[in-house]
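The lines below spell out each chain.
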Amino acid sequence: MNRPIPTRPHSSGLSRGEQLLVLAAAFLASSVAVWWSWSHAAMLLYGDAEAHIHIARRLFDSHRPGITQLGSVWLPLPHLLLVPFISVDSWWRSGFGSMIPSAICYLLACLGLYRLMRKWVSPAAACIALALFAANPNLLYMQTTAMTEPLFLCELIWSVLLLVEWYQSLNAGDGRSGRLLWAVIAVLAAAVYTRYDGWILAFLAWLAMAVCMARRGRLFRWNFILASLALLLAPVGWMAYNAVVFGDWLDFMRGPYSARAIELRTSSSAVDPHPGWHNLWVSLVYFAKDAEMDAAALGWGEIVFLAAAIGAGIAWLRFPTRKPGREAAAHSAWVWTLLLWLPLPFYTYSVSYGSVPIFLPVWKPFSWYNTRYGMEMLPVFAFFFAFAIEAVLAWMEEHKPKYRRAVIIASFVLLAANVAEMLREKPLTYVEAKKNTAARGYYNVTLADALRRLHELDPAGVVLMNTSTFPTIVPNAGLTYRQTINESDKEFWWAALGAPAAHASIVLAFAGDDIDKAVKAHPEHLRVYRRFHSPSKGWDQLDATLYVTDTFPAAELPQPSTAVTGR
């Protein structure tokens with residue numbers, strides 16, 4: 001007879017020392033990744049990372065500071081968490097401040113995942129599975145950036161962990177369920193304000209909780225009703241914000257900066273914009289492949305996926321959902337962990353019908369785009385991988401006990417080999433980020449250098465520019481957003497477009513943008529200082545022109561260049 005996997009109704013079997021050891025190991029891994037990312041100037045490679053920092057900074061550094069600077073599409077929590085760290089000027093300019101929330105979320109995610117696994121598996125199996133998650137090079141790189149994936153992974157893991165503990169407490173009647181209920185609601189609300197998959201997570205979690213409460217005749221208890229209303233206010237609050245600020249309560253879905261609008265502007269084919277378009281099967285295959293490539297080296301991801309699926313089957317067989325007796329809660333609580341599989345159907349649908357393309361280097365169109373989305377499967381891979389490892393260790397202890405330690409060592413060796421191979425191949429998310437920044441690097445460096453020199457000649461001068469296109473130009477040039485008039489300044493912006501030279505001493509225009517049109521309509525008192533031609537051409541890589549007013553301190557003005565074709 002197989003040795004049963006141990007069960008624990010709560011985390012009472014998990015010592016504080018054990019948790020501190022997990023945090024220490026995760027902190028070491030995080031620190032190494034931060035050092036590498038800092039030394040390779042990799043923290044701001046993603047254009048989205050630059051944009052997140054830009055949104056957070058303009059909340060207080062603009063002519064119109066305030067919550068309306070949050071925009072309409074990206075959800076607000078990631079930007080609000082950035083504010084305390086990028087308010088330190090040097091941390092903002094270097095990008096160091098932007099990684100702090102992500103690194104903290106990585107540490108909490110590691111701790112939460114380990115606590116969740118230890119409810120059903122041994123320390124050895126939990127450590128092996130945690131290593132699969134915590135040592136993943138894609139995750140380690142992303143936790144050094146301002147991207148939202150580390151934050152959402154933390155919320156996903158902790159929402160499931162707290163749901164399990166709430167359910168166990170509800171069945172045990174130990175008086176903790178009320179507090180745990182509000183903890184669950186807080187984490188789910190945070191997920192709602194982080195990513196749109198958090199909306200689905202929150203709804204499914206609330207629905208499952210409501211069913212549990214209804215079965216116990218507690219559905220209409222005031223505590224649960226108030227908690228439900230609090231959770232409902234999260235998405236309603238965001239829609240109300242969109243309605244008040246942008247005039248459309250669904251502006252984040254159908255506005256000019258929505259995923260659908262961006263896809264229509266950037267797609268080369270109106271008939272078949274990307275693989276998986278209106279095809280759920282192809283979308284599923286692409287996302288599953290992306291998840292495998294994010295989780296393991298090329299060719300090993302299928303093994304990880306299969307091991308997780310086998311682990312889920314083992315959990316289903318060993319922990320029936322309808323077990324009589326006092327241990328029913330401990331056995332059936334594992335079902336809540338199935339929420340960790342949510343990214344699979346969510347992104348399958350999103351790729352097919354939600355204007356969320358995923359491009360992989362191994363499949364058509366042989367490119368890198370949104371490859372980071374597959375990382376959302378890392379928690380479920382690691383969690384159910386732990387069940388598969390625990391089953392192997394249990395069998396070894398019963399039949400080949402002297403080889404059990406060898407199996408544990410071999411597992412860590414294989415995981416280390418996987419990490420080494422992923423580093424050799426270069427993590428998928430890092431490669432995408434490098435290609436992402438290659439298209440923007442020219443302007444981020446060259447335009448920033450030119451603006452810095454002009455600003456030194458006229459420190460009190462104002463720059464009229466669009467800061468959303470290349471937000472890193474401003475910190476690289478030694479400016480603040482308050483020293484510019486940009487598209488987020490609304491009435492200041494429209495007034496400046498009506499008379500550029502009257503409102504700014506320096507004007508930066510990209511071919512075809514609003515400033516370019518304004519300069520052509522009102523060229524008086526402006527002269528060309530320098531023109532820029534990016535060697536990387538694309539829909540967002542237009543020619544740029546720097547103008548100065550005819551009152552600019554010309555005696556010290558460097559000799560202008562008519563064209564620039566390289567760095």
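What counts as what
Residues numbered from 1 in each chain as written. Predicted model: local features only at pLDDT ≥ 70, side-chain atom pairs only at ≥ 80, totals over all residues. Heavy atoms only, no water. pLDDT = per-residue confidence, 0-100. Helix = DSSP H or I, 4+ residues; strand = E, 2+ residues; numbered from the N terminus. Contact = heavy atoms within 4.5 Å. 1 Å grid on protein atoms, 1.4 Å probe; cavity = no way out; pocket = protein on both sides within 12 Å on 5 of 7 lines; lining within 4 Å. Points joined across faces, edges and corners; volume = space filled by probe spheres on them. Nonpolar A, V, L, I, M, F, W, Y, C, P; charged D, E, K, R; others polar. Phe/Tyr/Trp six-rings, centres within 6.5 Å; stacked < 30°, edge-to-face > 60°. Buried < 20%, exposed > 50% of the residue type's maximum accessible area, 1.4 Å probe, protein only. Lys NZ or Arg CZ within 6 Å of the ring centre and 35° of its normal. Salt bridge = Lys/Arg side-chain N within 4 Å of Asp/Glu carboxyl O. Patch = residues over 30% accessible without salt bridge, like charges linked within 9 Å, V, L, I, M, F, W, Y side chains within 5 Å. Areas by Shrake-Rupley, 256 points an atom, 1.4 Å probe, with all protein chains shown as cover. Pairing = 2+ DSSP bridges. Axes fitted to C-alpha atoms, helices over the stretch in contact; angles between N-to-C directions. Core = buried A, V, L, I, M, F, W, Y, C linked by side-chain atoms within 4.5 Å. Polar contact = N/O pair within 3.5 Å; in protein donor to acceptor, adjacent residues only side chain to side chain.

Colleague: Explain the confidence of the model for the chain to me, please; I cannot follow it from the model alone.
Modeller: Any segment with low pLDDT has predicted coordinates that should not be analysed in fine detail. Looking at the chain, the pLDDT average stands at 88 and 89% of residues meet or exceed 70. Put simply, helix H16 (residues 328-332) is where the chain has its lowest mean pLDDT, 59, and helix H7 (residues 137-142) is where it has its highest, 97. Low pLDDT (under 50) marks residues 1-12, which in the prediction has 41 contacts with non-local residues, meaning those over four places away or in another chain. Counted against residues more than four places away or in other chains, residues 560-567, with its pLDDT under 50, gives 18 contacts.

Colleague: Just checking my understanding: could you explain the layout of surface pockets for this structure?
Modeller: It is a probe the size of a water molecule, rolled over the atoms, that shows where empty space is left. One number sums up the size of the second largest pocket: a volume of about 820 Å³. For the second largest pocket, the lining is made up of 35 residues, of which Ala 29, Ala 134, Ala 135, Asn 136 and Leu 140 are closest to its centre. The leading source of residues in the lining of the second largest pocket is helix H1 (residues 16-39), at 11 residues. Tallied by class, the residues present in the lining of the second largest pocket amount to 29 nonpolar, 4 polar and 2 charged.

Colleague: How should the packing of aromatic side chains be read in this particular structure?
Modeller: Two aromatic rings are characterised by how far apart their centres lie and by the angle between their planes. Scanning the entire structure with this criterion turns up 31 aromatic pairs. Measuring from ring centre to ring centre gives 6.4 Å for Trp 334 and Phe 384, while their planes differ by 90°; the resulting arrangement is edge-to-face. In this pair, Trp 334 is assigned in the loop between H16 and helix H17 (343-353) and Phe 384 in helix H18 (residues 378-399), connecting sequence segments 50 residues apart. As far as burial versus exposure is concerned, Trp 334 and Phe 384 are alike and both buried. Grouped by ring-pair contacts, the aromatic residues Trp 120, Phe 305, Trp 316, Trp 334, Trp 341, Phe 381, Phe 383, Phe 384 and Phe 387 constitute a single cluster. Above the face of the Trp 92 ring, Arg 57 is positioned so that its terminal group lies 3.9 Å from the ring centre.

Colleague: Help me understand the pattern of salt bridges, please; the structure alone is not making it clear to me.
Modeller: Pairing is possible between side chains that carry opposite charge, provided their charged atoms lie close to one another. Within the structure shown, the criterion is met by 20 salt bridges. One salt bridge in this structure joins Arg 404 and Glu 397, with 3.4 Å as the shortest N-O distance. The exposure class of Glu 397 is partly exposed, given its relative accessible area of 36%. Within this structure, Asp 48, Glu 149, Arg 195, Asp 197, Arg 372, Glu 376 and Glu 432 form a network of salt bridges that share partners.

Colleague: Just checking my understanding: could you explain a nonpolar patch on the surface for this structure?
Modeller: A surface patch of nonpolar side chains, amounting to about 630 Å² of accessible area, comprises Trp 182, Trp 222, Leu 226, Leu 229, Leu 232 and Val 236. The element best represented in the nonpolar patch is helix H11 (residues 222-246), accounting for 5 residues. If you trace the backbone, Trp 182 turns up in helix H9 (residues 177-192).

Colleague: Can you help me understand the sheet that holds strand S3 (residues 506-510) in this one?
Modeller: In sheet architecture, strand pairing relies on hydrogen bonds along the backbone and comes in two forms, parallel and antiparallel. On the basis of which strands lie adjacent, the open sheet formed by 5 strands has the order S2-S1-S3-S5-S4 and mixed pairing. Two strands close off the open sheet at either side, each with one partner strand: strand S2 (484-485) and strand S4 (526-532). Summarising the sheet, strand S1 (residues 463-464) and S3 pair through 2 bridges and their orientation is parallel. Looking across to S3, one finds that Val 463 is bridged to Ile 506. Against the sheet, helix H25 (residues 514-521) touches S1, S3, S4 and strand S5 (544-549), its axis set at about 115° to S3.

Colleague: I tried to follow the nonpolar core on my own but got confused; where do I start?
Modeller: Most often, soluble globular proteins keep nonpolar side chains buried together rather than apart. Ranked by size, the top nonpolar core spans 158 residues in total, and within it Trp 120, Phe 133, Trp 166, Phe 384 and Leu 546 carry the most contacts. Counting 13 residues, the second largest nonpolar core, distinct from the first, contains Leu 497, Ala 518, Val 519 and Tyr 547.

Colleague: How should helix H3 (residues 77-86) be read in this particular structure?
Modeller: Each α-helix turn comprises 3.6 residues. Residues three or four places apart therefore point the same way. Within H3, burial applies to Leu 77, Pro 78, His 79, Leu 82 and Ile 86. Where H3 is buried, its residues contact helix H2 (47-58), helix H4 (89-94), helix H5 (96-117), helix H8 (149-172) and H9.

Colleague: I would appreciate a short explanation of the side chain of Thr 348 in the present structure.
Modeller: Residue placement: Thr 348 occurs in helix H17. A relative accessible area of 9% means that Thr 348 is categorised as buried. One polar contact links the side chain of Thr 348 to the main-chain carbonyl oxygen of Leu 344, over a distance of 2.6 Å. Here Thr 348 is in contact with Leu 280, Ser 283, Leu 284 and Pro 343, once residues within four sequence places are set aside.

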